[in-house]
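Here's the letter readout for the chains.
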Amino acid sequence: MTVTPDLDRRFRDAAVRADLLDAAYDVVETEIGPLLAATTDRGLARLSFDPDPEAHLEALARLAGPRILRAPRALDATRRELDEYFARRRHAFDLTLDLRGLPDFTVRVLGELARVPYGQTATYHDLAVRVGNPNASRAVGTVMNRNRIPIVLPCHRIVGSSGSLVGYAGGLERKVTLLRLEGAIL
Amino acid sequence: MMEAVATIPPFETFYVEHRDEVLGLLRRQLGRDRADDAFQETFLRALRAYDRLSHAEHLRAWVITIARNVALDVHRRTRPQGELPELPHVDGEPPFVELAALTDGLPPKERAAVVLRYGYDLDYDQIATALGSSPVAARQAASSGVRRLRNERSTR
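Not measured: the values here are computed from a predicted model. (Residues numbered from 1 in each chain as written. Chains lettered and ligands numbered in written order. Predicted model: local features only at pLDDT ≥ 70, side-chain atom pairs only at ≥ 80, totals over all residues.)

Visitor: Help me out: how do you make sense of the packing of helix H4 (residues 104-113) of chain A against helix H6 (residues 137-145) of chain A in this one?
Guide: The description of two packed helices rests on the angle between their axes and on the distance between the axes. Residues and elements named next belong to chain A. Contact pair H4 / H6: the axes reach a minimum separation of 10 Å and the direction vectors enclose 80°. With respect to H6, the element H4 is oriented roughly perpendicular. Judged by residue contacts, Phe105, Thr106, Val109 and Leu110 of H4 engage Ala139, Val140 and Val143 from H6. Across the contact of H4 with H6, the residue classes break down as six nonpolar, one polar and no charged. (Axes fitted to C-alpha atoms, helices over the stretch in contact; angles between N-to-C directions. Helix = DSSP H or I, 4+ residues; strand = E, 2+ residues; numbered from the N terminus. Parallel < 35°, antiparallel > 145°, perpendicular 65-115°, else oblique. Contact = placed C-beta atoms within 7 Å. Nonpolar A, V, L, I, M, F, W, Y, C, P; charged D, E, K, R; others polar.)

Visitor: Please explain the domain arrangement of chain A as it appears in this structure.
Guide: The accessible area lost on association of the parts is a frequent measure of interface size. Residues and elements named next belong to chain A. According to the domain assignment, chain A contains domain 1 (5-86) and domain 2 (104-181). Relative to domain 2, the C-alpha centre of domain 1 lies at a distance of 25 Å. Each partner contributes to the interface: domain 1 provides six residues, whereas domain 2 provides nine residues. (Domains from an automatic or database assignment.)

Visitor: Can you walk me through unusual backbone geometry in this structure?
Guide: Note on backbone geometry: most residues besides glycine have negative phi, and most peptide bonds are trans. Residue and element names in this part refer to chain A. Even without being a glycine, Asp19 presents a positive backbone phi close to 60°. Take Asp19: it is sitting in the loop between helix H1 (5-17) and strand E1 (23-30). By the C-beta count within 10 Å, which is 7 here, Asp19 ends up exposed. Even without being glycine, Ile151 reaches a positive phi, approximately 70°. Relative to the helices and strands, Ile151 is located in the loop between H6 and strand E6 (158-159). (Buried ≥ 20, exposed ≤ 12 C-beta atoms within 10 Å, placed from the backbone.)

Visitor: Whenever I open this one, the nonpolar core confuses me. Can you help?
Guide: Generally speaking, a soluble globular protein has its nonpolar side chains buried in company with each other. Grouped together as the largest cluster of nonpolar side chains are 80 residues, with contacts concentrated most on Ala23, Leu60 and Ile68 of chain A together with Leu26, Ala113 and Ile127 of chain B. Per-element tally for this core: the top contributor is helix H1 (residues 11-50) of chain B, with 15 residues. Residue-level mapping places this core at the junction of two domains, with at least three residues from each of domain 1 (5-86) and domain 2 (104-181) of chain A. Not counting residues up to four positions away in its chain, the partners in contact with Leu26 of chain B are Ala35, Ala38, Phe39, Ala67 and Ala71 of chain B. (Core = buried A, V, L, I, M, F, W, Y, C linked by C-beta atoms within 7 Å.)

Visitor: Explain the interface of chain A and chain B here, please?
Guide: Contacts between chain A and chain B engage 19 residues on the former and 19 residues on the latter. Counting only elements with at least two residues in the side of chain A that touches chain B, the list comes to H1, helix H2 (54-64) and strand E4 (68-70) of chain A. Each residue belonging to the side of chain A that touches chain B can be placed in one class, and the counts come to 13 nonpolar, two polar and four charged.

As structure tokens, this is what we get:
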């Protein structure tokens, strides 16, 4: 007996409506490829270039609890804001974020990162200075590399002191695409 | 012997693994139309209790028991005087098979409580969820089931 897509979707929707999930996820299609998005009752917890749920479920369970379900409806706001961003109609995200479990330094760096405006870039060193630790450029780089919520937390806007793009967890090609989209580079 | 207690899988994994079997069981007991609502109710009940599970043993038996009880509830609601549907057996492994046969004559709730407690080694919180009752009621159902079995023995 196979559960029909309609019955399946009705259960997933009902689980969201009943507010029974520790975390909900879905794969969101964007012009830089499919992204895995996961949200908890506190906000968006993951946005990943690796769309395979298996790669994320364990870590999500540790963060939020075992009641994790693919539930597209729970990601409606995320999907809408990403669509608007890629259509160049949105320059800042209004989503709340779940940054639980991150070290204090990481949270401070991400807080500064969030203030780098659309269409502009800053250097790793700039961010290090802004969190009051000018020697921490390398540590800032690590925080960018491990960013759980790229695009929304715009680590693609962080470049090397010489202006080189340096690297991106999602691949340099995506970093270039995002910076072009925002008009930060030609 | 039991190895280290398995961690509870993400609900998605559990749901995908058991949804087809649960739907099949509900369709056999309730028919196509009523099975769909019961399907949703079964997994919502499971979801409600899922973060309180203390281990991942016998999750299949657990969800099937929830499904059976949802089906029982539907039957009670829809034909109050009717007889109870026949419960399908959980096929499988040693301890609960023997218990299932032994407890054949018990009322459904007591039987489910006894089998889940002593056949599957579930705790009363889990059993309560499966039966849609409280842990206290689950404990009472199990102990009155055991008492009934003892009495049957001694009068035999």
